[in-house]
Amino acid sequence: MKPLRAYFQGVLGLWRVKRYILGLYAVNLMLALALGSVVGRAIYRSLGNSRAAENLVQGFDSLWYGSFSATAQGLARTFHPAVVGIGAVFENLNDFLQGRLFEGEGIFLGLGLLYLLLWTFFSAGFISRFLSRAQTPDFLQAAAGFLGRLVLLAILAGMVYYLLLGVFLDFLSGWIRGLTRDTTDERIVFFLTLGKYGAVWFLVWWVNMVFDYSKIIIVDRNLRMVPLAPVEAFGLVLKHPLKTMGLYYLLGITSTLMILIYWMVAPGAGASSAGEIWAAFLLGQLYIILRMCLRVWFYSSQVALYEGLYKTSSNQSPEEIG
Amino acid sequence: MNARFRRLLLGLGTMGICLAMPRASMAAVPLSQRIANYQMDVRLDVAQKTIYGREVLTWINTTMHPARELRFHLYYNAWMNDRSSWLSSSRYFARALESLEEGDWGYCKVQSIQLLREPPLDLTAGMAYIQPDDGNPHDRTVLRVPLPQPVFPGDTVRIAIEWVSKVPRPFARTGVVGDYYFIAQWFPKIGVFQEDGTWNCHQFIQTEFFADYGVYDVRLTLPTGWVVGATGREIETTENGDGTTTHRFYQEDVHDFVWTTSPHFLVYTDRFEEPGLPPVDLRLLLQPYNRGKKERYFEATKLALRYYGGWFGAYPYDHLTIVDPAYQSRSGGMEYPTLFTGGSRWLSTSRTRQPESVTIHEAGHQFWYGVVGNNEFEHAWIDEGFNTYSQSRVMSVALPPPILQRWYLEGFIPVLFPDVVLNERFDGADIYDGFRSPLKRDPMARPSYRYGPGSYRVNSYNKPALMLRTLENYLGWDTFRKILATFYQRWQFNHPRPRDFFQVVNEISERNMDWFFEQAYYGSNVFDYAVGRVLSMPFEPTKGLLQNNGDFVPISQVARDTTPRDTAVGKLYRNLVYVRRWGEATFPVEVRVTFAGGDTVLERWDGRDRWVRFEYIRPEKVESVEVDPRRVLVLDVNRTNNSWKRNAPARLAGWKWASKWMIWFQHKLELMAFFH
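Residues numbered from 1 in each chain as written. Chains lettered and ligands numbered in written order. Predicted model: local features only at pLDDT ≥ 70, side-chain atom pairs only at ≥ 80, totals over all residues. Heavy atoms only, no water.

**Notes on the overall build of chain B**
Then, in step 1: In terms of regular secondary structure, chain B is built from 12 helices and 34 strands.
Then, in step 2: If you line up chain B on its principal axes, its C-alpha atoms span 115 × 80 × 55 Å.
Then, in step 3: Buried residues in chain B amount to 60% of all 676 residues.
Then, in step 4: As presented, chain B carries roughly 26400 Å² of accessible surface, and 49% of it is formed by carbon and sulfur atoms.
Then, in step 5: Here chain B carries 78 positive and 76 negative side-chain charges, and the mean point of each set is 4 Å from the other. (Helix = DSSP H or I, 4+ residues; strand = E, 2+ residues; numbered from the N terminus. Buried < 20%, exposed > 50% of the residue type's maximum accessible area, 1.4 Å probe, protein only. Areas by Shrake-Rupley, 256 points an atom, 1.4 Å probe, with all protein chains shown as cover. Lys, Arg positive; Asp, Glu negative; His and termini not counted. Charge placed at Lys NZ, Arg CZ, Asp CG, Glu CD.)

What follows is the structure, given as structure tokens:
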């Protein structure tokens, strides 16, 4: 099977799991609403009956923000005007690329880990639904049945991510710092920095892909020995590097395109009527839903490719391999 | 009598200095007193990153007191080790020091010092390091040299000093990185002998500098082919045939000398010409990667020369060198006489205001610092505050308003948010909110070198800029411009103190503004006026008893329209507006009250009591109240509480921005899910 075919086959598969994607989105939204109401109340209280309220509706008021940020407590401290429009994406991408996504307020770390657990739970369900000969076709039954093993796999993956983003990235940063200690041309340091992130993220994405296939292998074969799954997946990716990576980067390009489109259409600070504010919010929600679909699309396409590869290139069935 | 005598001494001394200077470069009339004059021969050893120098200092005692010793700044010794007062007091550098290597430290070692007379007298044995400010015995930034006999009022001494300066990795905007040298505060420099007969020669701790004006005639021997920029004009270039070239720079009436060299600079020239102002030749030394910013550097420099020149007085020199600092050199954003460093990231666009903001600021320092030479050790706010105020004023009239920008991926990539419009720096003090405010840590009047942690920046830059803006708003721009122009003209090539400025304010405005300076300069109380409660109550029929023919009778038995209040029932509102003073500092403020029909009333309150109440019996309710609607008192630490509006859309505003925060948070969760 070619990556492009798996890519399109994957998108068709999304319809089969729409309920569960919406369920995940509902959790995401509920968490955001709970925390957002705290931030919103802090902004509301800070504004009172002042004219700054009008300014904030029409645009922004940096004098108000000066007072607000100087006195903000708890979650309200995380409010910054750069959350507007594409800033909501770039602020996080910046932390993501630099391996700092889990830093900051403790509540973000806690909720982030819970959210990871939820996705780990749902992963087996998604994969099971996408596999044509799944041993446990029921979504929730599969999700529950494989949770322990996928959590173990996630811990293994987390250790590798830590090595890459915590240790290797730091090592490369230190190495470049030493290498460019006397460099006076910003361009050299800039391109070396780009190269650093390129190298690290090539590996991170590669590892991510291997662990995606590891999950598929665990669910497909009901594999009990979790550490074997990444080894098997590693072999699969090594055997079909162009196809597996081609599909992965095709989906990556889709993600980039989504960001670019959102950049073009995301409203800025100017939305001033209730209707415009709601429209901006709904557009943001659409973007979040599409991102979640994309995440499931990875599974859907990768399962299609996985099954296609075994049908076309091997006489063995997946069960026999295990 | 004393003043006449001093002028006579000064004239004789200056005449002597002029005779020793190159004729082609001499100004017809000295602009300054020319107290400290240097002739230097300097050689840079690139391999050793070391400067070998010899200077002949010609110094005139213009005071009425004999000078029994000389004191010199040896600023480079602040980088000798981490026991110096500068490094041991600076928390910022504690982390940076960890990455320093052995060859990165710097120093300035005086090898010999001679009194030039017949015969010359060696003073080397008597010199000693002193620590007049903090007594730190490890600090070697001030050198004391006793004299065999005093320098009497009006007398001139000539001192020859040989020294070696090891160039450090950049500290405080001086040093070397790669083959980029930016050399500032690098030579043994005499302190200022004050009118009271004491030396003003502080240790180098956290401030900038202070020196007398004079003439600098400096020969720099550098590798051939390297581009050099320095204070003054290059008047002579000699190839030495040994791979080095000697560049001679000459400048009159300045109080410092700085230079930079690198083989990589691109050199561009331009000329500032503006009706009513003298032309200025501009020379730009640009980093190759910033080639595209050439015009932006020139235009920003011209903006400063045009506006400062038009508002305060002309730039008195006919040339100005702009240096685009090398990446990682930490030499950007600093002023020196007739030369300044800008600074810009490679990918910065014009809306980032890089390099415009820093260029206008540092070019502006040519006026506030270069021409008006205050004591930056003790009154850093005079140049930094005046200049921050002036820079903000130029930017507010000549550039688009600032917008939010974020620099991503380790600060390399800018992303702009054009519809998040920000305020200029002098528009408000809100960031220094409330009673935890850094504005309260030290009064501005405390000597700058004694400011506590976090106070230096606020008290030297932000608070004085806000103080000057408040004065401008209060006195009116025309009057305030005259004040600044008078101050500039009166104190050019001299060393004004804060009281000199206050005197000019009172004189030109013809008002005594001491009450304001007592609070804003000598005190650390903050200003905070606020709208308190606003009540609009409809009149209701009177309840209770009324006296009728000597008896108290129920009001229901009295004809209702006999009381004026009852005639208002259903027609008028009793509007009460409370305005409060939360801060300890006081300032007269206006209060604008707007009624539902659009009518407005402007009240004036002296702002002294803790609160004031305004009452209006009108057919409309109060719609909005604003304290200080013209934004005169930009020192107010909380602008938000200055206004009140009926049905202000706070809930909608809260929802709008919380909804954006939610999308940010949801996206954060989504990215976290990548690692599942």
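The rest of the description comes next.
**Things to note about the pattern of salt bridges**
Then, in step 1: Applying the stated criterion across every chain yields a total of 47 salt bridges over all chains.
Then, in step 2: For Arg618(B), the salt bridge is made with Asp599(B), and the minimal N-O distance between the two is 2.9 Å. One end of the pair, Arg618(B), is in strand β32 (residues 611-618); the other, Asp599(B), is in the loop between β30 (589-595) and β31 (600-605), with 19 residues separating them in the sequence.
Then, in step 3: In this structure, Arg618(B) and Glu620(B) form a salt bridge, with 3.1 Å as the shortest nitrogen-oxygen distance. Neither residue differs from the other here; Arg618(B) and Glu620(B) are each classed as buried.
Then, in step 4: Each of Arg51(A), Glu54(A), Arg592(B), Glu626(B), Asp628(B), Arg639(B) and Lys645(B) takes part in salt bridges that share partners, so that together they form one network. (Salt bridge = Lys/Arg side-chain N within 4 Å of Asp/Glu carboxyl O.)

**Description of the packing of aromatic side chains**
Then, in step 1: Within this structure, the stated rule accounts for 108 aromatic pairs over all chains.
Then, in step 2: Seen in terms of ring centroids, Phe190(A) and Phe191(A) are 5.2 Å apart; in terms of plane orientation they differ by 65 degrees. Their pairing is edge-to-face.
Then, in step 3: Ring geometry for Phe386(B) versus Phe501(B): centroids 4.8 Å apart, planes at 75 degrees, classification edge-to-face. With Phe386(B) in helix α6 (residues 380-398) and Phe501(B) in helix α9 (residues 498-509), the pair connects residues that are 115 residues apart, well separated along the chain. (Phe/Tyr/Trp six-rings, centres within 6.5 Å; stacked < 30°, edge-to-face > 60°.)

**Structural notes on the layout of surface pockets**
Residues and elements named next belong to chain A.
Then, in step 1: A volume near 990 Å³ is recorded for the second largest pocket.
Then, in step 2: Lining the second largest pocket we find 33 residues, and of these Leu93, Phe96, Leu97, Trp205 and Ile259 sit closest to its centre.
Then, in step 3: Here the residues of the lining of the second largest pocket sort into 22 nonpolar, 7 polar and 4 charged. (1 Å grid on protein atoms, 1.4 Å probe; cavity = no way out; pocket = protein on both sides within 12 Å on 5 of 7 lines; lining within 4 Å. Points joined across faces, edges and corners; volume = space filled by probe spheres on them. Nonpolar A, V, L, I, M, F, W, Y, C, P; charged D, E, K, R; others polar.)

**What to know about the confidence of the model for chain A**
Then, in step 1: Averaged over all residues, the pLDDT of chain A is 93; the fraction at 70 or higher stands at 96%.
Then, in step 2: Confidence over residues 313-322 of chain A falls short of pLDDT 50; this stretch has 16 contacts with residues more than four positions distant or in other chains. (pLDDT = per-residue confidence, 0-100. Contact = heavy atoms within 4.5 Å.)

**Quick word on the interface of chain B and chain A**
Then, in step 1: The interface of chain B with chain A comprises 79 residues on the first partner and 108 residues on the second.
Then, in step 2: Here chain B meets chain A over a buried area of about 8600 Å², counting both sides, of which 66% is carbon and sulfur.
Then, in step 3: Summed over the three residues of chain B that lose the most area to chain A, namely Trp657(B), Phe675(B) and His676(B), the buried surface amounts to 10% of that side.
Then, in step 4: Arg181(A) is paired through a salt bridge with Asp104(B); the nearest N and O atoms lie 2.3 Å apart.
Then, in step 5: Mapped onto the side of chain B that touches chain A, the elements with two or more residues apiece are β24 (403-408), β25 (413-421), β33 (622-627), β34 (643-645) and α12 (650-672) of chain B. (Buried area = accessible area lost by both parts, 1.4 Å probe.)

**Remarks on the side chain of His361(B)**
All names here are of chain B.
Then, in step 1: Tracing the backbone through its elements, the reader meets histidine 361 in helix α5 (residues 356-364).
Then, in step 2: On the basis of relative accessible area, histidine 361 is assigned to the buried category, the value being 7%.
Then, in step 3: Beyond its immediate sequence surroundings of up to four residues, histidine 361 is in contact with Glu384, Asn387, Thr388, Gln391 and Tyr461.

**Some thoughts on the sheet that holds strand β8 (residues 156-166) of chain B**
All names here are of chain B.
Then, in step 1: On the basis of which strands lie adjacent, the open sheet formed by 8 strands has the order β5-β4-β8-β2-β1-β14-β17-β16 and mixed pairing. Edge positions in the sheet fall to β5 (121-122) and β16 (233-239), since each of these pairs with one other strand and no more.
Then, in step 2: Taken together, the 9 bridges between strand β14 (residues 214-223) and strand β17 (residues 244-254) define a ladder with antiparallel strand orientation. In the sheet register, leucine 222 faces β17, and the bridge partner there is threonine 245. (Pairing = 2+ DSSP bridges.)

**Quick notes on the environment of Gly333(B)**
Residues and elements named next belong to chain B.
Then, in step 1: Position of glycine 333 relative to the elements: it lies in the loop between β21 (319-323) and β22 (334-336).
Then, in step 2: A residue is classified by how much of its surface remains accessible, and glycine 333, at 12% relative accessible area, is buried.
Then, in step 3: Taking the C-alpha atoms as reference, glycine 333 lies 22 Å from leucine 468; in sequence the two are 135 residues apart.
Then, in step 4: Leave out the neighbours within four places in its chain, and glycine 333 touches Arg173, Thr341, Gly342, Val358 and Glu362.

**Section: empty space enclosed by the protein**
Then, in step 1: The final tally for this structure, using the stated rule, is 5 cavities of 30 Å³ or more.
Then, in step 2: Size it by volume and the largest cavity reaches roughly 50 Å³.
Then, in step 3: As for the largest cavity, its lining consists of Val83(A), Gly85(A), Ala88(A), Tyr262(A), Pro267(A), Ala280(A), Lys660(B) and Ile663(B).
Then, in step 4: Of the residues contributing to the lining of the largest cavity, the split by class is 6 nonpolar, 1 polar and 1 charged.

**Description of helix α5 (residues 87-97) of chain A**
Then, in step 1: Taking burial as the measure, the 11 residues of α5(A) include 10 buried ones, the bulk of the element.
Then, in step 2: Just beyond α5(A), the residue with positive phi is Gly99(A), at close to 70 degrees.

**Side note on the pairing of β14(B)**
Residues and elements named next belong to chain B.
Then, in step 1: With 9 of 10 residues buried, β14 lies mostly within the body of the structure.
Then, in step 2: Judged from the 6 bridges that link them, strand β1 (residues 36-45) and β14 form a sheet pairing that is parallel. The partner of arginine 43 across the bridge, within β14, is threonine 221.

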